[in-house]
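# Survey of secondary and tertiary structure
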Amino acid sequence: MEEVDVEPVVTNISGIRPGKRMGFAWGPGDILVYETQNKASGPTGSGCAFIHVVRKDEDIYSPILRKLFNESHHIFVGLQTIKDDLPSKSKKPQFVSISRNYRSVIRACMEELQQAAVSANDTEMATQYGNQVSILLAIELIWNLCEVLFIDAAPAGSLLLHLLDWVRLHKSDVDEKAKVVLQSDSPAEHRDYWDVVLSYVLQGRLEDTRKMLMKQAMLQPAAKSMYKLMDSLLSKMPFYNPGGTQTLTEFDVKWRNWHEEVDRYLKDNSFASNQHLEVICKILLGDEDVLLEHKELLSTWYYFLITRLLYCHPTVKPTELHYYAQSSMMMFLDSGVPEPLDSILLAAFEFDIHQVIKDCSIALNNWWFVAHLTDLLDHCKLLQSHNLHFGSNLREFLLLEYASGLFTHHSLWQCAVDYFDHCPEFGRVYLELQIERVPLDTERKALKVLRICEERQMSEQVRSICKIMAMRAVRNNRLGSALSWSIRAKDAAFATLISERFLQDYCAKGTFSDLDLIDNLGSTMLLSDRLTFLGKYREFHKLYGEKCFSDAAKLLLSLMTAKIAPQSFWMTLLTDALPLLEQKEVIFSAEQTYELMYCLEELTSSLITAASGSGRPMQEEDVEVTKVEMLRLALARNLASAIVKEGTMQT
């Protein structure tokens, strides 16, 4: 965010080569400048174009401002839960409360930045913190005014009271000055004494004014009656009470009577002998010339405006504000040029909401303020008539821009998801595009991204994330993790590939890795034939380990006869059958033994074919030949035993 009351910093771009032109690309967090070439000039030599990062939004990388983004995210989500079907009267207090919550978060960050600026050892950092404080001060000033005028929408009478509170909140230097004066040995003789008294009067803090004047009256016994008269006038000034029984008309009559009384005392020179009291009397009458003589105390035209309304037009209506605001700014600034902040506040006093949002969007390079304020105003049904030409309304456009910026941050992207969720038209599309750009640095982060996608049925993104993580796990030889990700992605081809790797590892090492995963595959093993085989083969080993030899034998045979096992793995399976064939008790029946023999002959035939195809005939000393001979012998013995056993059982 840039300061709203200063010219933005100009960044000089060096390094653009002669004969080159510049192009610009705007990103959520950066503005890029790159070299382009005029087509008419033709090729001008080889070499890569330079890219320059002109400006980067540093706000999201500030630890203190990050709290602002996080806290406001919770408030935003809570605002979305307010039901549209509730009556406007019952929703208004909720909206005002939410607005104040936003402002309290701004205030908290502001205070933390002020402390950081004071404690900073680096001058540059202290300046940066100071700039951020001034920006947040301006933001809170604008937000508070919008709350008074648009959200709370106070009527005549109450309006001025709210505006007085607004000025007092943002013009607190008088309290610091008063503290210094009161702590001095003789407050009434302090050089800032009358500045404090007049500041109290200008803010309408008449009780504080009376207390300060009493100190002066004690030092001037001869002028005691004059101070007593001023005290009486100050105590009599009426203030509208919205909760009272007095109507606005009755208040207006009472105020006019008081005003006439003050005017009468001024005209009969009751305070002529005391310059300070006479000035106070003229301020109470709303004398614009006297007010403008105290520009230093007022400091801003909007402070001047509120003081002017207080002592001239206390029953001002919202519809009349624009006239007094315009004239006050012209009188106060004289021939001076309004700053961006002045234009924004004037637009607010003119009840031009869209101009306020537009000017803030230009003055601030971060979308936080306009996005959240616009969202709140939209919930208040104040932006219903304003749609953008390309379909999305103003609220959604600003939220999308703000959330896109958050996605460039390593942790704030999680907050951005909720903003996209509450953009009904384009939010889903933006989320799908942005979620793919989140770097999956760790498995924990990948799981977070995956959960977000799964909750929103973003199946394409789920598959993409799982494939990326599965490939990464394979490269790191973490087969268990790779298999888990491929199952989650429902990627049959990749699950088959990883299952093959598991089987290759088993053949090489004689043991399985990641047994917990394989043991708990459940129905997911049906994703691919190879994965099914892996799960069933592991089940065979468990049965064998539990000495359930009969069940193990049936499962082993079914893996080959049902063609679930790849033929390249048949030799391993037949080798696994050897201990079962060598058992004293006959485990394989004659029929099962015949099936095993058939599988062995089919495997032998394929081995011979493969050997002859390679030009190297199978030799008697080959390991495979040895295994085949051992299997044939074991199968022949088992067949004989099975036939004898089955024949005995029949007799």
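Residues numbered from 1 in each chain as written. Predicted model: local features only at pLDDT ≥ 70, side-chain atom pairs only at ≥ 80, totals over all residues. Heavy atoms only, no water.

Going by the annotation in an unreviewed UniProt entry, the name recorded for the protein is Nuclear pore complex protein Nup85, with Nothobranchius kadleci given as the source organism. The UniProt entry for the protein carries the following text under Subcellular location (unreviewed entry): "Nucleus, Nuclear pore complex". (UniProt positions renumbered as here; feature names shortened; annotations may be inferred.)

What follows deals with the overall build of the protein. For the protein, the helix and strand inventory stands at 30 helices and 3 strands. By the burial criterion, 45% of the 651 residues in the protein qualify as buried. Just so you have it, the protein exposes about 33,600 Å², and 53% of that area is on carbon and sulfur atoms. (Helix = DSSP H or I, 4+ residues; strand = E, 2+ residues; numbered from the N terminus. Buried < 20%, exposed > 50% of the residue type's maximum accessible area, 1.4 Å probe, protein only. Areas by Shrake-Rupley, 256 points an atom, 1.4 Å probe, with all protein chains shown as cover.)

With that settled, the discussion passes to the packing of aromatic side chains. Where two aromatic rings form a pair, the distance of their centres and the angle of their planes describe that pair. With the rule as written, the count across this model stands at 23 aromatic pairs. Taking the centre distance of 6.1 Å and the plane angle of 35° together, the rings of Trp143 and Trp368 count as tilted. Note that Trp143 is positioned in helix α3 (residues 123-151) and Trp368 in helix α17 (residues 368-379), a separation of 225 residues in sequence. In this structure Trp368 comes out as buried when scored by relative accessible area, which is 0%. Note on Trp166 and Phe349: the rings are 6.0 Å apart at their centroids and 75° apart in plane angle, and the pair reads as edge-to-face. Here the residue Trp166 occupies a position in helix α4 (residues 158-170), and Phe349 occupies one in helix α15 (residues 340-349), the gap between them amounting to 183 residues. Each member of the pair, Trp166 as well as Phe349, is classed as buried. Aromatic ring contacts, followed pair by pair, group Phe69, Phe76, Tyr402 and Tyr419 into a single cluster. Over the aromatic face of Phe332 sits the side chain of Lys295, whose NZ or CZ is 5.1 Å from the ring centroid. (Phe/Tyr/Trp six-rings, centres within 6.5 Å; stacked < 30°, edge-to-face > 60°. Lys NZ or Arg CZ within 6 Å of the ring centre and 35° of its normal.)

The subject of this paragraph is the pattern of salt bridges. Tallied over the entire structure, the rule returns 28 salt bridges. The partner of Arg478 in a salt bridge is Glu443, and the shortest N-O contact between them spans 3.1 Å. Remark: Glu443 occurs in helix α21 (residues 443-455) and Arg478 occurs in the loop between α22 (459-475) and α23 (479-488); sequence separation between them is 35 residues. For Glu443, a relative accessible area of 31% gives the class partly exposed. Overlapping salt bridges, with partners in common, bring together Arg100, Arg103, Arg107, Glu140 and Glu147 in one network. (Salt bridge = Lys/Arg side-chain N within 4 Å of Asp/Glu carboxyl O.)

Take the packing of helix α6 (residues 193-202) against helix α10 (residues 275-284) next. How two helices pack is summed up by the angle between their axes together with the distance between the axes. Interaxial distance between α6 and α10 falls to 10 Å at its minimum, and their mutual angle equals 15°. In terms of their interaxial angle, α6 and α10 are classed as roughly parallel. As for how α6 packs across α10, the hand of that crossing is right-handed. Where α6 abuts α10, its residues Trp194, Val197, Leu198, Val201 and Leu202 lie against His276, Val279, Ile280, Ile283 and Leu284. A breakdown of the residues in the contact of α6 with α10 according to their chemical character gives 9 nonpolar, 1 polar and no charged. (Axes fitted to C-alpha atoms, helices over the stretch in contact; angles between N-to-C directions. Parallel < 35°, antiparallel > 145°, perpendicular 65-115°, else oblique. Left-handed = near helix turned anticlockwise from the far one by under 90°. Contact = heavy atoms within 4.5 Å. Nonpolar A, V, L, I, M, F, W, Y, C, P; charged D, E, K, R; others polar.)

Inspection of the secondary structure puts Glu261 in helix α9 (residues 248-267). When its relative accessible area of 14% is taken as the criterion, Glu261 is described as buried. In this structure, Glu261 is in contact with Leu233 and Lys236, ignoring residues within four places of it in sequence.

This brings us to α9. Its 20 residues place the ends of α9 28 Å apart at the C-alpha level, agreeing with the 28 Å of an ideal helix rising 1.5 Å per residue. All buried positions along α9 are accounted for by Phe251, Asp252, Trp255, Trp258, His259, Glu261, Val262 and Leu266. The inward-facing, buried residues of α9 abut α8 (224-236), α10 and α13 (301-312). Just past α9, the residue Asn269 takes up positive phi, approximately 60°. (Expected span 1.5 Å × (residues − 1).)

Moving on: helix α19 (residues 413-421). Buried residues of α19: Trp413, Cys415, Ala416, Val417, Tyr419 and Phe420, and no others. Buried residues along α19 sit in contact with α1 (63-80), α17, α18 (394-406), α20 (427-435) and α21.

Attention now goes to unusual backbone geometry. Of note in this structure, Lys381 is not a glycine but carries a positive phi near 65°. Within the secondary structure layout, Lys381 lies in the loop between α17 and α18. Here the phi dihedral of Lys547 falls at roughly 65°; this positive angle occurs in a residue that is not glycine. Examined against the element boundaries, Lys547 turns out to sit in the loop between α26 (529-545) and α27 (549-561).

At their nearest, the axes of α13 and helix α14 (residues 321-333) sit 9 Å apart, and the two run at 125° to each other. By the angle between their directions, the pair α13 and α14 is classed as oblique. Crossing angle aside, the handedness with which α13 passes α14 is right-handed. Across the interface between the two elements, Trp301, Phe304, Leu305, Arg308 and Leu309 of α13 pack against Leu321, Tyr324, Ala325, Ser327, Ser328, Met329, Met331 and Phe332 of α14.

Looking at where Met212 falls in the secondary structure, it is placed in helix α7 (residues 206-219). You can call Met212 buried: its relative accessible area is 3%. Residues Met212 and Tyr193, spaced 19 residues apart in sequence, show a C-alpha to C-alpha distance of 8.3 Å. Every residue in contact with Met212, bar those within four places of it in the chain, is listed here: Val181, Leu182, Tyr193, Val196, Val197 and Tyr200.

Another point: the state of the cysteines. Where two cysteines share a covalent bond between their sulfur atoms, that bond is called a disulfide. Taken as a whole, this structure holds 0 disulfides when the rule is applied. This cysteine, Cys146, is not joined by any disulfide, and Cys360 carries the nearest cysteine sulfur, 7.0 Å off. The buried category is assigned to Cys146, whose relative accessible area is 1%. (Disulfide = S-S within 2.5 Å.)

Next up on the list: the environment of Lys584. One can find Lys584 in the loop between α28 (570-581) and α29 (590-613). Along the backbone, Lys584 and Ser641 are 57 residues apart, and their C-alpha atoms lie at a distance of 9.6 Å.

To continue, consider the environment of Gln115. As for its position among the elements, Gln115 is in helix α2 (residues 88-119). Sequence separation between Gln115 and Gly130 is 15 residues; the distance between their C-alpha atoms is 9.9 Å.

In this section: the confidence of the model for the protein. Per-chain confidence: the protein averages 83 in pLDDT, with 85% of residues scoring 70 or above. Note that residues 1-14 has pLDDT below 50 and, in this model, 30 contacts with residues that lie over four places away or in other chains. (pLDDT = per-residue confidence, 0-100.)

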